[in-house]
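Close look at the chain arrangement
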Amino acid sequence: MKAGHGRTKLDVRLVDIARRYGDLGVHHWQTLLVLMLFSWVAFTLVGYVQDTVLAWRPEDLLTFFDLDVVPVAFVTAACAHAVLWGVPGAGPAASMGVARRAFVSVLAVTLLVRIAVVFGLIALVIPGLAMIVFLGLAAVIMVAERPGVFASLRQSFEMVLSAFVKVIGAYIVFVLSFVGIVFVMIIVVALATVNLGDPLSGHITDGALSAALSISHTVFAVAVYQVLTEARTAEPTVH
């Protein structure tokens, strides 16, 4: 299903997006927890190997060269499928299988979004933040509809533009909720790594935060995608 023209405006409520975001997290918490643990290990290993074995420090380069894009793409695809199509409590095995098959396409979308965000941040910061919002649904759209890489990017832009103010408000809600998630993760990681030395403890902490961000943002993106899609199909378009 196509998003429609960029000028189409959808009548959605911020509370609907926030409620859907919370409902998805509650209904699929078991699968999301397993995916969180899996992604935590994956991000930690990638960061540790990149830093120690490859002696590569991406913070000295543009961020789209960071190898964490590989677990980001896989985890995003698995999480999106689990929340979109998975049965609550059924486990992540089927979603990981879908993520494996869709990996190349989602990786391409993830790389293009990251490139757009990085160049936007380099330009004036605000364009980079705008790209995060406008292209934030692209990976979810790829998993949900398989329209193609560039079509996913275009559809994400059009869908967000159709309810831009409400989506921005939803992002504020997401950021505030993520601050709470990060606070809990920092406490858990600090207790788990108290006896570990650097650099492993640092990568465990970074991996936990990356896992939390990837999982929570994907659930949020699915919530926005579902609410906008439902509004688009339920209401007449206004140009």
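Before any of the text, the structure's been laid out above.
These numbers were taken from a predicted model, which means no experiment stands behind them.

1. As for the nonpolar core
Of all hydrophobic cores here, the largest spans 65 residues; its most connected members are Leu84, Val106, Leu137, Val167, Phe220 and Leu228. Here this core takes 15 residues from helix 9 (residues 200–234), the largest share from any one element. The contact partners of Leu228, leaving out residues within four places of it in the chain, are Leu10, Val12, Leu137, Met159, Val160, Ala163 and Val167.

2. What about the pattern of salt bridges?
By the definition in use, this model includes four salt bridges. We note a salt bridge from Arg20 to Glu230, for which the minimum N-O separation is 2.9 Å. Taken as a pair, Arg20 in helix 1 (residues 14–27) and Glu230 in helix 9 lie far apart in primary sequence, 210 residues in all. When its relative accessible area of 40% is taken as the criterion, Glu230 is described as partly exposed. A salt bridge links Asp68 to Arg114; the shortest N-O distance between them is 2.7 Å. Pair noted here: Asp68 is in the loop between helix 2 (29–53) and helix 3 (69–85) and Arg114 is in helix 4 (residues 93–123), with a separation of 46 residues, a long-range link. For the pair Asp68 and Arg114, a shared accessibility class is recorded, and that class is buried. Three or more residues joined by partner-sharing salt bridges are found here, namely Arg13, Asp16 and Arg19.

3. Re helix 3
Given a rise of 1.5 Å per residue, 17 residues ought to cover 24 Å, and the 24 Å separating the end C-alpha atoms of helix 3 matches this to within 8%. A large share of helix 3 lies buried, amounting to 15 of its 17 residues.

4. Concerning the environment of Val140
Within the secondary structure layout, Val140 lies in helix 6 (residues 138–145). Judged by its relative accessible area of 2%, Val140 falls in the buried class. Residues Val140 and Thr76, 64 residues apart in the sequence, show an inter-C-alpha distance of 7.8 Å.

About the criteria used
Each chain carries its own residue numbering, running from 1 in the direction its sequence is written. Given that the model is predicted, a residue must reach a pLDDT of at least 70 before its local features are reported, and side-chain atom pairs must reach 80 or more before they are shown or counted; all residues, however, enter totals for whole chains, interfaces and linings. Remark: hydrogens and water are excluded; side-chain values derive from all non-hydrogen atoms of the structure. Only buried residues count toward a nonpolar core, which is a set of Ala, Val, Leu, Ile, Met, Phe, Trp, Tyr and Cys residues joined through side-chain atoms within 4.5 Å. Each residue is assigned to one of three classes by its accessible area relative to the maximum for its type, calculated with a 1.4 Å probe on protein chains only: buried under 20%, partly exposed between the two thresholds, exposed over 50%. A run of DSSP states H or I qualifies as a helix once it reaches four residues; a run of E qualifies as a strand once it reaches two. Both are numbered from the N-terminal end. Contact criterion: two residues are considered in contact whenever any of their non-hydrogen atoms come within 4.5 Å of each other. Definition used for salt bridges: Asp or Glu carboxyl oxygen within 4 Å of a side-chain nitrogen of Lys or Arg. Working rule for helices: expected span equals 1.5 Å times residues minus one.

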